[in-house]
Amino acid sequence: MKMSAGDAIATEDETSKDRFSIFPDKKHNPVLQIDSEGDEDYINAVKVPSLNTQPEQFLTQLPMPTTVNDFWRLVTQYKVSLIVAFKSYENDKTLATYLPNQVNEPLQCGNLTVNEYSINIAPTWEEMKLIVQGQHSHKVTHLTYTKPDVEPKYLLPFVQRARALRTLGDAVVYTCSIATLCQPEKKCANFYLTLSLT
């Protein structure tokens, strides 16, 4: 999967929505619908090829302050029912708050409001049930891998939980720090591949 577009030049707006000079190939880049003034159709994300007939899968960076609204637009517009996230343990000041802090404390993201209505904390993950409200209400599960280590004994139960939460016909978003994903010595990319095959 190409993470750098050889046939596309990033615009100034696009560069402000990426932590590094790593841009998705345009032919694999999902396009966002324009819902209101100020919206753009760009998001730094790629459609992940699948080896079977699963619905659409997307890989994107953890939201920055300039991309929180776009992240939730991707989730609602592409009817994503599951977000699989790897928590960042890096000292990355570009990370934004994109989830509600607790139940009954909604997070406003442009024209969308993200509400948490339940949370389940397990030894290796945190599972949040969310409702994103805009023109329509959209339910989504946010599953976060919370261990700093990616040992099989921790990862396997997480993968099994992600499999159990998948809804037939609905899209999935995988997200982590792009810095983690793009460093060869890191292993996150292998786990996204594993999850995409579930």
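Residues numbered from 1 in each chain as written. Predicted model: local features only at pLDDT ≥ 70, side-chain atom pairs only at ≥ 80, totals over all residues. Heavy atoms only, no water.

> Kindly report on the environment of Gly110, identifying the contributing residues and their values.
Along the chain, Gly110 falls in the loop between strand 4 (107-109) and strand 5 (112-121). Residue Gly110 is classed as partly exposed on the basis of its relative accessible area, which comes to 42%. Placed 71 residues apart in sequence, Gly110 and Asp39 show a C-alpha to C-alpha distance of 9.3 Å. (Helix = DSSP H or I, 4+ residues; strand = E, 2+ residues; numbered from the N terminus. Buried < 20%, exposed > 50% of the residue type's maximum accessible area, 1.4 Å probe, protein only.)

> Explain the pattern of salt bridges to me, and be specific about the residues and the numbers.
Taken as a whole and assessed by the stated rule, the structure comprises five salt bridges. Of the charged contacts in the structure, one is a salt bridge between Glu56 and Lys47, with a shortest N-O distance of 3.4 Å. Taking relative accessible area as the criterion, Glu56 reaches 35% and is therefore assigned partly exposed. Arg73 is the salt-bridge partner of Asp70, the closest N and O atoms lying 2.9 Å from each other. In this pair, Asp70 and Arg73 both sit in helix 2 (residues 68-77), three residues apart, roughly one turn of the helix. Taking the relative accessible area as the measure of exposure, Asp70 reaches 5% and is therefore buried. Taken together, the shared-partner salt bridges in this structure form one network comprising Asp39, Asp70 and Arg73. (Salt bridge = Lys/Arg side-chain N within 4 Å of Asp/Glu carboxyl O.)

> Quick rundown of the nonpolar core? Include the residues and the values.
Generally speaking, soluble globular proteins have nonpolar side chains that are buried together. Grouped together as the largest cluster of nonpolar side chains are 27 residues, with contacts concentrated most on Trp72, Ile83 and Tyr98. Of all the elements in the fold, those that place two or more residues in this core are helix 2, strand 3 (80-86), strand 4, strand 5, strand 6 (125-133) and strand 8 (171-176). The element best represented in this core is helix 2, accounting for five residues. Look past the residues within four positions of Tyr98 in its chain and what remains in contact with it is Leu62, Pro63, Val68, Phe71, Trp72, Ala85, Leu107, His142 and Thr175. Val46, Val48, Phe86 and Trp125 belong to the second-largest nonpolar core, a separate cluster that totals 18 residues. (Core = buried A, V, L, I, M, F, W, Y, C linked by side-chain atoms within 4.5 Å. Contact = heavy atoms within 4.5 Å.)

> An account of the pairing of strand 7 (residues 137-145) is needed here, citing residue identities and associated values.
Of all the nine residues making up strand 7, seven are buried; the element is thus mostly covered by neighbouring parts of the structure. By the bridge criterion, five bridges tie strand 3 to strand 7 in an arrangement that is parallel. Opposite Ala85, over in strand 7, you have Thr144 as the bridge partner. Inspection of the sheet shows strand 6 paired to strand 7 by nine bridges, in the antiparallel sense. The residue bridging Trp125 from the neighbouring strand is Tyr145, located in strand 7. As consecutive antiparallel partners, strand 6 and strand 7 are separated by three residues. (Pairing = 2+ DSSP bridges.)

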